[in-house]
Amino acid sequence: NLEGSVVPANGWILGRTGGTACGDGNRDRGDAGSGRSGENGDSADYEQRCGFFDLALCINMIHIAPWEATVGLMGCAGKVLRRGGMLVCYGPYKLGGTAVQSNLNFDMALQSRNPAWGVRNLEDVIEIANGEGLEFVQSVEMPANNLSVLFQKS
């Protein structure tokens with residue numbers, strides 16, 4: 001039952017914050033996608049019950065999760081977005097292996113807390129996205145040295 005996890009609003013489907021729509025192993029972060037707290041959602045379940053999404057939004061996750069979560073995000077978005085649908089990822093990134101000093105300091109602080117975390121190279125994120133049928137459209141500079149990165153399902 002998805003009624004408690006997603007709500008239609010003017011043609012949009014909004015998931016609960018902290019949840020995950022796909023079975024990416026993120027069991028303790030909410031119940032979006034499954035309607036059952038503590039269980040994984042499943043992209044096939046979403047396709048079956050809600051159709052395909054026009055938009056997926058990921059805010060401040062890629063740098064504070066293991067790399068496998070980014071791989072899972074791209075795999076999920078590649079499945080549930082309809083052709084022409086957009087994935088927007090917001091957060092800090094490295095470009096060409098480097099970043100402004102504040103983001104490099106943040107990267108070191110993240111890795112000291114958990115070696116699997118860290119500010120990711122945008123090129124690596126784009127490569128994973130491309131492999132899932134998501135084409136890089138553009139990145140937009142945002143406050144606090146963050147980027148909004150836009151991908152479109154091909």
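Residues numbered from 1 in each chain as written. Predicted model: local features only at pLDDT ≥ 70, side-chain atom pairs only at ≥ 80, totals over all residues. Heavy atoms only, no water.

Details of the sheet that holds strand β4 (residues 81-91)
Phase 1: Taken in spatial order, the four strands make up an open sheet running β3-β4-β8-β7, and their pairing is mixed. A strand with exactly one partner marks an edge of an open sheet, and here the two such strands are β3 (53-59) and β7 (134-142). If you compare each strand with its neighbour and ignore which way they point, the axes differ by 15° on average.
Phase 2: Pairing between β4 and strand β8 (residues 146-153): six bridges, direction antiparallel. Each residue of the ladder has a partner; that of Cys89, found in β8, is Val149.
Phase 3: Against the sheet, helix α4 (residues 122-131) makes contact with β7 and β8, and its axis sits at roughly 150° relative to β7, the strand it touches most. (Pairing = 2+ DSSP bridges. Helix = DSSP H or I, 4+ residues; strand = E, 2+ residues; numbered from the N terminus. Axes fitted to C-alpha atoms, helices over the stretch in contact; angles between N-to-C directions. Contact = heavy atoms within 4.5 Å.)

Section: the packing of aromatic side chains
Phase 1: This model, assessed by the stated rule, comprises one aromatic pair.
Phase 2: Note on Phe136 and Phe151: the rings are 6.1 Å apart at their centroids and 65° apart in plane angle, and the pair reads as edge-to-face. Here Phe136, found in strand β7, pairs with Phe151, found in strand β8; they are 15 residues apart in sequence, far enough to count as distant.
Phase 3: According to the relative accessible area criterion, Phe136 is partly exposed, its value standing at 29%. (Phe/Tyr/Trp six-rings, centres within 6.5 Å; stacked < 30°, edge-to-face > 60°. Buried < 20%, exposed > 50% of the residue type's maximum accessible area, 1.4 Å probe, protein only.)

Quick look at unusual backbone geometry
Phase 1: The backbone phi angle of Ala144 is positive, close to 60°, even though this residue is not glycine.
Phase 2: Positioned with a positive phi, Asn145 is a non-glycine residue whose angle comes to about 60°.
Phase 3: Overall, the relative accessible area of 39% leaves Asn145 in the partly exposed class.

Remarks on the pattern of salt bridges
Phase 1: Overall, the coordinates contain two salt bridges when judged by the stated rule.
Phase 2: In this structure, the salt-bridge partner of Lys94 is Asp107, at a minimum N-O distance of 2.9 Å. Of the two residues, Lys94 is situated in strand β5 (residues 93-94) and Asp107 in helix α3 (residues 101-113); the sequence distance between them amounts to 13 residues. Each member of the pair Lys94 and Asp107 is classed as buried. (Salt bridge = Lys/Arg side-chain N within 4 Å of Asp/Glu carboxyl O.)

Details of the packing of helix α2 (residues 67-80) against α4
Phase 1: At a closest axis distance of 9 Å, the pairing of α2 and α4 adopts a crossing angle of 40°. Judged by the angle between their axes, α2 and α4 are oblique. Note that α2 runs across α4; the crossing there is right-handed. Residue-level inspection shows Trp67, Thr70, Val71 and Met74 of α2 in contact with α4, the latter providing Asp124, Val125, Ile128 and Ala129.
Phase 2: Here the residues of the contact of α2 with α4 are counted per class, giving six nonpolar, one polar and one charged. (Parallel < 35°, antiparallel > 145°, perpendicular 65-115°, else oblique. Left-handed = near helix turned anticlockwise from the far one by under 90°. Nonpolar A, V, L, I, M, F, W, Y, C, P; charged D, E, K, R; others polar.)

So far we have only geometry, and geometry alone does not tell us how the molecule works.
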